[in-house]
Amino acid sequence: MSELTDDWQAMYDRLQGAEPTTGLDGDALEARAEAAFAVGRVDEAIETRERAYVRYEDEGNLVGAAGCAVWLTQAYFATARPSIGGAWMGRSQQVLTGLEESAPYGFFLVLQAFGALARGQPDSAEVQARQAVELGRRLRQHDVQAIGLQALASALIAQDRVPEGMARFDESMLFAVEGRLTPFFHGAVYCGMIATCEDLGDIRRAAEWTEALTRWTDRHPYSIFPGVCRAHRATVLQRHGSWPEAEEEARRACVDLEAMRMPGTAALAYAEIGDIRRRLGDADGAESAFRRAEELGGQPQPGLALLRLSQGNVDAASAIIARALAERAHDPLARAKALPAAIQIAVAMGDLGGARTSADELEAVAAHYDSPALRAGAASSRGRLQLAEGDPHAACATLNRALRLWQDLDVPYEAATVRLLLGEACRGAGDEDGAKASFGAAARLFERVGAVLDAKRIDDALRAPTALPAGLTDREGEVLRLVAAGLSNKQIAARLYLSDKTVARHLSNIFLKIGVSTRSAATAFAFERGITGPNG
């Protein structure tokens, strides 16, 4: 194995200036591969490690060869070349026969555990991870123990044993805090912990560990970790409303991670950019980022579905979110991230039954994992649904609970969105003063983070009438006001996040209630009764 150093570039330059690789033994080739990987030369690192494997075999060093084979398995899978990775997995298994008491075998068990998790087999993953941890302890091999504990933690959480799983994560982090891990595994355990905290919605814990990882990468720049760290920091900054800084970190992460052939993590960074651009009102920028995220990660993006909703294309939004949920069928935490968008889209389509089913699922996940962020998201979605169901009093209570949770987590955009819904609920319950106060607070938060489209929705809401004639509902009043402003059905759909069909249905109901049959007559009615506004 290579020597440990903080100046990987100096080590890489020194080794490059040494004798040609044709005369090097397996250890020297592996040192060159490690240095190349540490400075971001992934393809060179893979090629050199393959040479080291051959040299180790020639030397009869089967442990060295096995270590290379396992490393190459992980490297090819991580760089989205699963066919070659699978071939190296088979080679690893062959070489490791008879080497069950070696560190490479421990790493191989961990790879198998994570593979079982990806296939939805947490029970098998737990068995393999426990074997890896015990082997690491027997060998006093800290890297094997730490990464084995993380695989075990992930397997336990996937079996709904969250406290037990988080305890194993904490145990793995001790090795990093104590400085007992080699650079790659030091960064890897940090990233595993942060990713799990983000999945569980543990925003504070994710932020704390991200800050710790940032400090470590500043002192120990190694390979993929500055880019991965930036991706995690982008998530934290975006949550707390620092969108320019979040986007800058995410864009730098994309450059770093694509150069390192890390498409999966780069996809997450592109999705963050897409969400920020969408909320800033930059539809083209959001579209480009979401498309790139899907190209790299292979999964439909919930943010793209919400973009389509904001453009009035509810049918496309519904199709995208349905695919996104199907892709996450066996991962409740991943589904929980997509369900709020699914509920918002279902409400816009008038599919309250579908929205109710998704809200029930989200609440069940939030209750099971007992995460403040998941509970806040579930309450926000339930309040949105109650408002659509015509129960503003229940919506007020639910949305106030969601607001307290988001405020406690210091997540301004979500808090502003809840305040907007709460304003609508207060208005529906007859509390116009409460509605205006809630709309005003939402407007200030939206302006603070730069959410242009949402701020415009506040303008619309503040100008909405407080009392409507002819039994018109609040939504029908909004539609009539926009008709009077000269907007087409398609434009109204985009403004109100509805489908064209839903707008047409509202318009039909309006005509029936006010006794007219044309848009011009409806416009005249609106002007006569003061159901108008200057911002159509």
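Each chain has its residues counted from 1, running along the sequence as written. Predicted model: local features are reported for residues with pLDDT of at least 70 only, side-chain atom pairs are reported and counted for 80 or more only, and whole-chain, interface and lining totals are derived from all residues. Just so you know, side-chain values use all the structure's heavy atoms and leave hydrogens and water out.

**Regarding the nonpolar core**
Our working rule: As used in this record, nonpolar core signifies buried Ala, Val, Leu, Ile, Met, Phe, Trp, Tyr and Cys residues forming a set joined through side-chain atoms within 4.5 Å. Residue exposure (1.4 Å probe, protein chains only): buried if accessible area is under 20% of the type maximum, exposed if over 50%, otherwise partly exposed. Where helices and strands are cited, they refer to DSSP runs of H or I of at least four residues and of E of at least two residues respectively, numbered from the N terminus. Residue contacts are defined here by distance: any two heavy atoms, one from each residue, within 4.5 Å place the two residues in contact.
Met 166, Leu 309, Ile 321, Tyr 369, Leu 480 and Ile 492 are the most contacted members of the largest nonpolar core, which has 149 residues in total. The leading source of residues in this core is helix α18 (residues 332-349), at eleven residues. If sequence neighbours within four positions are ignored, Leu 480 has contacts with Leu 472, Ile 510, Ala 522, Phe 525, Ala 526 and Ile 531. Listed in part, the 36 residues of the second largest apolar core include Ile 203, Trp 406, Leu 422 and Leu 445.

**A word on the environment of Ser 358**
In this fold, Ser 358 is placed in helix α19 (residues 352-369). Along the backbone, Ser 358 and Ala 336 are 22 residues apart, and their C-alpha atoms lie at a distance of 9.3 Å. Beyond its immediate chain neighbours, meaning those up to four positions away, Ser 358 contacts Leu 339, Ala 342 and Ile 343.

**Topic: the packing of α19 against helix α20 (residues 372-388)**
Note the following rule: To obtain an axis, a line is fitted to C-alpha atoms, over the contacting stretch when the element is a helix, and the angle between two such axes runs from 0 to 180 degrees between their N-to-C directions. Small angles under 35 degrees read as roughly parallel and large ones over 145 as roughly antiparallel, with 65 to 115 read as roughly perpendicular and the rest as oblique. When the near helix sits turned anticlockwise from the far one by under a right angle, the crossing is termed left-handed; a clockwise turn instead gives a right-handed crossing.
In contact at an axis separation of 9 Å, α19 and α20 are set at 155 degrees when each is read in the N-to-C sense. One finds that α19 runs roughly antiparallel with respect to α20. The crossing of α19 and α20 is left-handed. Residue-level contacts link Leu 352, Ala 355, Arg 356, Ala 359, Asp 360, Leu 362, Glu 363, Val 365, Ala 366 and Tyr 369 of α19 to Leu 374, Arg 375, Gly 377, Ala 378, Ser 381, Arg 382, Leu 385 and Ala 388 of α20.

**Digging into unusual backbone geometry**
Note on backbone geometry: most residues besides glycine have negative phi, and most peptide bonds are trans. Backbone geometry at Arg 261 places phi at a positive 60 degrees, although glycine is not the residue there. Relative to the helices and strands, Arg 261 resides in the loop between α13 (243-259) and α14 (263-279). Owing to a relative accessible area of 33%, Arg 261 belongs among the partly exposed residues under this scheme. Backbone geometry places Asp 410, a non-glycine residue, at a positive phi of 60 degrees. Locating Asp 410 in the fold gives a position in the loop between α21 (392-409) and α22 (412-428). With a relative accessible area of 43%, Asp 410 lands in the partly exposed category.

**Thoughts on the confidence of the model for the protein**
Heads up, the rule is: pLDDT expresses how confident the predictor is about each individual residue, on a scale running from 0 to 100.
When the pLDDT values of the protein are averaged, the result is 89; 95% of them are 70 or greater. Contacts from residues 1-5, a stretch scored under 50 in pLDDT, to residues over four places away or in other chains number twelve contacts.

**Things to note about the packing of aromatic side chains**
Inclusion rule: Between the rings of Phe, Tyr and Trp (Trp by its six-membered ring), a pair exists once the centres lie within 6.5 Å; its type follows the angle of the planes, with under 30 degrees stacked, over 60 edge-to-face, and the other angles tilted. Counting as a charge over the ring demands two things of the Lys NZ or Arg CZ atom: a distance within 6 Å of the ring centre and an angle within 35 degrees of the ring normal.
Throughout the structure, instances matching the rule amount to nine aromatic pairs. With a centroid separation of 5.5 Å and an interplanar angle of 85 degrees, the aromatic rings of Phe 37 and Trp 71 are classed as edge-to-face. Linking Phe 37 in helix α2 (residues 26-38) with Trp 71 in helix α4 (residues 62-78), this pair joins segments that are 34 residues apart in sequence. Here Trp 71 falls in the buried class, since its relative accessible area comes to 17%. With a centroid separation of 5.1 Å and 85 degrees between ring planes, the pair formed by Tyr 53 and Trp 88 is classed as edge-to-face. Here Trp 88 lies in helix α5 (residues 82-95) and Tyr 53 lies in helix α3 (residues 42-59), a separation of 35 residues in the sequence. Judged on exposure class, the residue Tyr 53 and its partner Trp 88 are both buried. A network of ring pairs unites the aromatic residues Phe 37, Trp 71, Phe 107, Phe 184 and Phe 185 as a single cluster. The lysine or arginine in question, Arg 49, covers the ring of Trp 71, its NZ or CZ lying 4.2 Å from the ring centre. We note Arg 91 situated over the ring of Trp 88; from NZ or CZ to the ring centre the distance is 5.5 Å.

**A look at helix α16 (residues 302-310)**
Buried residues dominate α16, accounting for nine of its nine residues. Those residues of α16 lying buried are Pro 302, Gly 303, Leu 304, Ala 305, Leu 306, Leu 307, Arg 308, Leu 309 and Ser 310. Where α16 is buried, its residues meet α14, α15 (283-297), α17 (314-327), α18 and α26 (489-496).

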